[in-house]
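For reference, the chains in residue letters:
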Amino acid sequence: MEFLADYGSFLLKAVTIVVAIIVIAGALVSLGSRHKRRNEGELVVKKINDELEDFKQDLEIALYSEAELKQLDKDRKKEDKEKEKADKKRVKDGQPDDTARKRVFVMDFNGDIQASEAELLRHEITAVLTMAVPEQDEVVIRLESPGGMVHSYGYAASQLQRVRDHGIPLTVCVDQVAASGGYMMAAIANRIVAAPFAIIGSIGVVAQLPNFNRLLKKHDIDFELFTAGEYKRTVTMFGYNSAKAKEKFQSDLEDTHELFKHHVKHFRPQLAVETVANGDIWYGQQALEQGLIDSIGTSDDYLVNACANADVFSVRYEFRKSLQEKLGLAVQKGTEGAMMRLFTLLQRQQQTKG
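Residues numbered from 1 in each chain as written. Predicted model: local features only at pLDDT ≥ 70, side-chain atom pairs only at ≥ 80, totals over all residues. Heavy atoms only, no water.

Participant: How would you explain unusual backbone geometry if you had to name every residue and give the values?
Facilitator: Its identity as a non-glycine residue notwithstanding, A115 has a phi of 50°, on the positive side. Considering the arrangement of structural elements, one finds A115 in the loop between β2 (102-110) and α4 (118-129). Notably, D220 is not glycine yet its phi reads approximately 55°, a positive angle. Looking at where D220 falls in the secondary structure, it is placed in the loop between α7 (213-218) and α8 (243-267). Judged by its relative accessible area of 71%, D220 is exposed. (Helix = DSSP H or I, 4+ residues; strand = E, 2+ residues; numbered from the N terminus. Buried < 20%, exposed > 50% of the residue type's maximum accessible area, 1.4 Å probe, protein only.)

Here it is, written out as structure tokens:
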């Protein structure tokens, strides 16, 4: 126990020193970088084909003998030389380059109630549109979202529409859920692929809020609301909600629902919107039967198949972390690691005593 007490004291001193260093360093960095943009980011691009090839080679090393691996390497080098020779001959003969491979650009969107990743998606799509070739390349969105705020998801959906407007085929893959605002985004795609039990649909609008008016009256608390314009405020959490206010609020919801249905019908004209736009949800296979999606499958299968005939790239825009944030994360991880080691040590001590 004396050892543990010493160790705990040392740990606290170490953490205190590190935190002090971070505060000082953070202050210096902050003073020296006020003129820089805070949310400056960078584009991270990875070739999925290479990752798959690495997986394959790892398995080959585990499964094949040394002689078999040498033969595989020899065969691959031979194929590469023959391909290079054929390409040079075609260029020499002045033949058109028919070997230009299709490129598939993959982006992820994980939606919360505010569609917070719409800003990242905006940068990613802007970057891809500088390189993607209309009618040849493809954009794939791995979409996961239960929906959220109408205007936020409308903005996110408009980013996907930019891809369609540029004549680039757009595919949305849904592995788990694309409901409400999530489906608002998915509907824009030329093709929607969903896993068998992915949740699809929820073409509806919902709004709810508590009302504390009776509670305030019970305690003799007045609530005053001042507006200019008949419909500047309809229902409220603290005041009395009249029948007229509720009617107007419901009317606004109905208008929003009509816009949602029109949006879906515009991009999926073959869909019987009035049948499915009742706020209900369907699982993948049911959604296929209803016409909400185009095929059943996972994003993994779709991308693995794409790698056979195309160069597939994952594209992710990431905000650069400041020095303070990096140091903070490093200290957090170090502190958590030290605490876990201490906890493990205490557990062992208890087990030894037991």
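That was the structure; now back to the text.
Participant: So what about the environment of L288? Which residues, and what values?
Facilitator: Tracing the sequence through the fold places L288 in helix α10 (residues 284-290). Counting along the chain gives 88 residues from L288 to I200, while the straight-line C-alpha distance between them is 9.6 Å. Ignoring any residue separated from it by four or fewer positions in sequence, one finds L288 in contact with I293, D294, S295 and I296. (Contact = heavy atoms within 4.5 Å.)

Participant: Describe a negative patch on the surface, naming the residues involved and giving the relevant values.
Facilitator: A surface patch of negative charge is lined by D50, E51, E53, D54 and D58. Among the secondary structure elements, D50 is positioned in helix α2 (residues 48-63). (Patch = residues over 30% accessible without salt bridge, like charges linked within 9 Å, V, L, I, M, F, W, Y side chains within 5 Å. Areas by Shrake-Rupley, 256 points an atom, 1.4 Å probe, with all protein chains shown as cover. Salt bridge = Lys/Arg side-chain N within 4 Å of Asp/Glu carboxyl O. Lys, Arg positive; Asp, Glu negative; His and termini not counted. Charge placed at Lys NZ, Arg CZ, Asp CG, Glu CD.)

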